[in-house]
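Each chain, letter by letter, is given below.
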Amino acid sequence: MVKYNEQGEILYIGRIDNQIKLRGYRIELDEIEEQLSKLDGVKESAVIFKKDMIIAYITGECNNPKEQLAKRLPEYMIPSIIERLEYMPLTQNGKIDKKALSNRKVVLKQSQFVAPRDSVEERLAEIFKEVLKVEKVGIKDSFFELGGNSILSIQLVNLAKRANISIEVKDIFVADTIEKLSALLENRVEDRRVLPQEEAILEEQIKPLCSPILLNNTILLTGATGFLGSYILSELLKEPNNTIYCLIRASSPTEAKERVQKVMSEYNLLSNSFDRVKFVVGDLAKPQLGIDKEIYEKLSNEITHIYHSASYMNSMVSYEILRDVNVGGIKEILKFASHHQPKKIEYISTADIFSHKTQPIADENTPIATQIHYSSNGYASSKFIAENVLSIAKERGFDVNIYRVGLITGDTTYGKNEKSQWFYNLIDSITKIGCMVDIADFEISITPVDYIAKSILSLSTKYSNDIFHLSSPLMVKFIDLVRYQNIEVVDLYTFIERVKQYNATHQEELYITQFINEMLEFTQEEAIAFEKEQLKMREKK
């Protein structure tokens with residue numbers, strides 16, 4: 001939340017956060033509410049996030065709201081529970097009281113019971129019951145609608161492996177019922193290698209214009225609601241002559257503005273210059289970037305510089321799911337860059353396009369076509385193919401700079417970090433329990449987000465058709481960061497016990513639990529033996 005002071009400056013008051021992350025997806029609860037309110041018969045709607053579930057409340061008479069909502073929203077945004085109320089609880093100001101809704105008892109709903117049909121489904125049903133603490137599970141009951149979450153999915157996978165059923169956490173996110181998991185296991189094929197010669201196809205008609213690029217300070221930025229994207233926007237606004245269009249997936253320009261404004265507020269980046277930003281509703285996965293035809297033509301004539309920071313980032317899904325946005329999106333950007341007048345492209349990539357199977361160290365000159373990637377590693381594979389598409393584009397004459405970033409951390413002024421990031425959540429976990437176990441081989445390279453944004457802006461004005469690796473060359477031992485924060489370093493058994501104590505007394509389990517899930521039942525002797533074995537392995541190296 002922000003307000004203007006008497007001098008006209010924007011002051012950051014606090015956060016009104018209605019964005020959540022679930023199953024690897026970043027979700028705006030307001031967007032779900034808006035679509036619910038459009039359903040036939042719905043008078044009022046409210047959406048909350050509780051116990052790792054999206055729960056919706058509606059008033060009015062609406063038949064099959066989930067089925068209707070499925071036609072408007074992707075599966076991961078469909079609420080686990082939609083409960084009809086006679087009336088909404090209200091605050092003294094007459095607004096829907098979401099705190100009161102959050103305090104309502106959650107009633108988990110099961111589908112009409114359908115019994116397991118074979119031995120695999122019977123074993124899965126027993127595992128579902130054990131993990132979810134329910135008495136009966138049918139093959140059509142959703143793991144998440146019965147109270148499952150990301151932490152419990154890890155327990156489910158571990159128990160399934162003991163029962164000789166080979167599934168991964170990501171499988172549960174795409175097949176959340178026993179029936180779907182059974183079908184997935186039956187039809188599973190070997191994880192395929194993602195090959196540039198098969199996937200990196202750039203249609204012949206996508207060619208740059210012959211005329212030179214005349215930069216005019218009119219810019220298209222994608223990904224402004226993301227961590228790095230918001231800092232790039234902040235840097236672009238420091239040039240008073242820049243006119244910036246932000247491409248945002250939203251229902252209206254007003255909603256797009258509100259989404260960007262919320263993120264900029266969170267990172268203390270809002271300033272008076274924010275008024276210069278213009279917002280365009282679109283979608284990278286759609287033809288012409290999902291932009292209205294008339295607006296597309298107008299922007300094609302005005303814009304001469306594109307900063308493409310947006311991507312679909314989800315480590316839990318396959319390449320095939322991410323392809324439309326991360327690969328198809330770059331093709332649509334290239335089409336836009338060659339429409340009416342030529343445009344320069346700044347593409348934000350990732351250091352993860354390099355595979356440790358190919359070489360131990362990579363620099364800007366390391367060939368990318370020979371890197372080894374598989375469909376299961378969806379995000380890295382999609383960025384790898386996108387870069388191969390851009391290699392073809394550069395050969396045809398497109399002007400493209402590529403920036404490969406590593407682990408991005410909080411800025412140097414406020415230390416604000418992306419709260420869905422694994423590194424932030426790892427630090428958050430050990431801070432909450434006040435200790436960490438020494439992982440001697442765990443080294444990381446970290447770079448502040450504002451450094452990266454400033455570097456991109458500086459390099460983009462000086463270079464063309466180049467590649468830059470934007471990450472610190474210094475590797476830091478994670479345990480040294482822990483000691484710097486005055487966090488106690490303890491043995492493995494003490495650490496496990498602290499994690500278990502915290503989880504037993506708090507509603508939400510620690511993020512770090514998923515990484516030590518198989519160790520949670522270690523006895524003290526087993527923990528000591530495990531540490532000794534790890535020490536032997538380090539000494540051999």
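Scroll up to find the structure.
Counting restarts for each chain, with residues numbered from 1 along the sequence as it is written. Confidence filtering applies because this is a predicted model: local features only for residues at pLDDT of at least 70, side-chain atom pairs given and counted only at 80 or more, and all residues used for totals across whole chains, interfaces and linings. No hydrogens and no water enter the side-chain calculation; it runs on all heavy atoms of the structure.

1. Let's talk about the nonpolar core
Next up, step 1: Ranked by size, the top nonpolar core spans 60 residues in total, and within it Ile 32, Leu 36 and Leu 334 carry the most contacts.
Next up, step 2: A per-element tally of this core places helix α14 (residues 378-396) first, with seven residues.
Next up, step 3: The contact criterion used throughout is that any non-hydrogen atoms of two residues lie within 4.5 Å. Discounting residues that sit within four places of it in the chain, Leu 36 has contacts with Val 42, Ser 45, Val 47, Ala 56, Ile 58, Leu 69 and Ile 82.
Next up, step 4: By convention a nonpolar core is built from buried Ala, Val, Leu, Ile, Met, Phe, Trp, Tyr and Cys residues, the set being connected through side-chain atoms within 4.5 Å. Here's how the labels work: a residue is buried when its accessible area is under 20% of the maximum for its type, exposed when over 50%, partly exposed in between, all with a 1.4 Å probe on protein chains only. In this structure, Tyr 231, Ile 248, Val 277 and Ile 456 belong to the second largest nonpolar core, which totals 37 residues. In DSSP terms, a helix is any run of H or I states spanning at least four residues, a strand is any run of E spanning at least two, and both are numbered starting from the N terminus.

2. Some words on the sheet that holds strand β9 (residues 243-248)
Next up, step 1: Taking strand neighbours across the sheet as the criterion, the seven strands line up as β10-β9-β8-β11-β12-β13-β18 in an open arrangement whose pairing is parallel. The sheet terminates laterally at β10 (277-281) and β18 (467-470), the two strands that pair on one side only. Averaged over all pairs of adjacent strands, the angle between strand axes in this sheet comes to 20°, irrespective of strand direction.
Next up, step 2: As paired elements, strand β11 (residues 305-308) and strand β12 (residues 344-350) share four bridges and run parallel to each other. Bridge pairing in β12 links His 305 to Lys 344.
Next up, step 3: A fitted line through C-alpha atoms represents every axis, and for helices the fit uses only the stretch in contact; the resulting angles, taken between N-to-C directions, go from 0 to 180 degrees. Contacts from helix α11 (residues 293-302) reach β8 (218-222), β9 and β10 within the one sheet, and its direction differs from that of β9 by about 140°.
Next up, step 4: Helix α16 (residues 449-460) rests against β11, β12, β13 (400-405) and β18 of the sheet, and its axis sits at about 160° to β13. A pair of strands is treated as paired once DSSP finds two or more bridges between them.

3. Structural notes on the pairing of strand β6 (residues 53-60)
Next up, step 1: Counting buried positions over the eight residues of β6 gives eight, a clear majority of the element.
Next up, step 2: Of the two faces of β6, the one holding Met 53, Ile 55, Tyr 57 and Thr 59 and the one holding Ile 54, Ala 56, Ile 58 and Gly 60 are both buried throughout.
Next up, step 3: Where strand β5 (residues 42-50) and β6 come together, eight bridges link them in antiparallel fashion. If you follow Phe 49 over to β6, its bridge partner there is Ile 54.
Next up, step 4: Pairing of β6 with strand β7 (residues 81-84) involves four bridges; the strand directions are parallel. Paired with Ile 58 across the strands is Arg 84, a residue of β7.

4. Details of the layout of surface pockets
Next up, step 1: Space inside the second largest pocket adds up to approximately 580 Å³.
Next up, step 2: Along its surface, the second largest pocket is lined by 16 residues, and Ala 351, Asp 352, Phe 354, His 356 and Pro 360 are the ones closest to its centre.
Next up, step 3: Among the residues forming the lining of the second largest pocket, the class breakdown is seven nonpolar, seven polar and two charged. Grid points spaced at 1 Å and placed over the protein atoms alone form the basis of the search, with a cavity being a set where a 1.4 Å probe fits but cannot get out and a pocket an open set showing protein on both sides within 12 Å along at least five of seven lines. Lining residues have an atom within 4 Å of a point. Grid points are joined across faces, edges and corners, and a volume is the space filled by probe spheres set on the points. Throughout this entry, Asp, Glu, Lys and Arg are counted as charged residues, while Ala, Val, Leu, Ile, Met, Phe, Trp, Tyr, Cys and Pro are counted as nonpolar. The remaining residues, Gly among them, count as polar.

5. Describing the sheet that holds β7
Next up, step 1: Strand order in the open sheet made by the three strands is β5-β6-β7, with mixed pairing throughout. Whereas interior strands pair on both sides, the edge strands pair on one side only; in this sheet they are β5 and β7. Sheet twist, expressed as the mean angle between neighbouring strand axes with direction ignored, is 20°.
Next up, step 2: Packed on one face of the sheet, helix α1 (residues 29-37) meets β5, β6 and β7 and runs near 155° to β5.

6. Section: α16
Next up, step 1: To estimate how far a helix should extend, the number of its residues minus one is multiplied by 1.5 Å. With 12 residues, α16 should reach 16 Å at 1.5 Å per residue; the first-to-last C-alpha distance of 17 Å fits that figure.
Next up, step 2: Buried within α16 are the following residues: Val 449, Asp 450, Ile 452, Ala 453, Ile 456, Leu 457, Leu 459 and Ser 460.

7. What to know about the environment of Ile 295
Next up, step 1: Tracing the backbone through its elements, the reader meets Ile 295 in helix α11.
Next up, step 2: Here the alpha-carbon distance between Ile 295 and Leu 156, two residues 139 residues apart in the chain, equals 49 Å.

8. Quick word on the packing of aromatic side chains
Next up, step 1: Here a pair means two rings of Phe, Tyr or Trp (six-membered ring of Trp) with centres within 6.5 Å. Their orientation is stacked below 30 degrees between planes, edge-to-face above 60, and tilted elsewhere. Tallied over the entire structure, the rule returns 13 aromatic pairs.
Next up, step 2: With a centroid separation of 5.2 Å and an interplanar angle of 55°, the aromatic rings of Phe 227 and Tyr 267 are classed as tilted. With Phe 227 in helix α9 (residues 227-236) and Tyr 267 in the loop between α10 (253-266) and β10, this residue pair connects regions lying 40 residues apart in the sequence.
Next up, step 3: Look at Phe 227 and you get buried, because its relative accessible area is 5%.
Next up, step 4: A residue is classified by how much of its surface remains accessible, and Tyr 267, at 7% relative accessible area, is buried.
Next up, step 5: When the centroid spacing of 5.8 Å and the interplanar angle of 55° are considered together, the rings of Phe 522 and Phe 530 count as tilted.

9. Let's talk about the packing of α9 against α16
Next up, step 1: One way to put it is that α9 packs onto α16 with a least axis distance of 9 Å and a crossing angle of 55°. Judged by the inter-axis angle, α9 sits oblique to α16. For the element pair α9 and α16, the recorded crossing hand is right-handed. Taken together, the residues of α16 that come into contact with α9 (itself represented by Phe 227, Leu 228, Tyr 231, Ile 232, Glu 235 and Leu 236) are Val 449, Asp 450, Ile 452, Ala 453, Lys 454, Ile 456 and Leu 457.
Next up, step 2: By residue class, the composition of the contact of α9 with α16 is 10 nonpolar, no polar and three charged. Orientation labels follow simple angle bins: below 35 degrees gives roughly parallel, above 145 gives roughly antiparallel, 65 to 115 gives roughly perpendicular, and whatever is left gives oblique. When the near helix sits turned anticlockwise from the far one by under a right angle, the crossing is termed left-handed; a clockwise turn instead gives a right-handed crossing.

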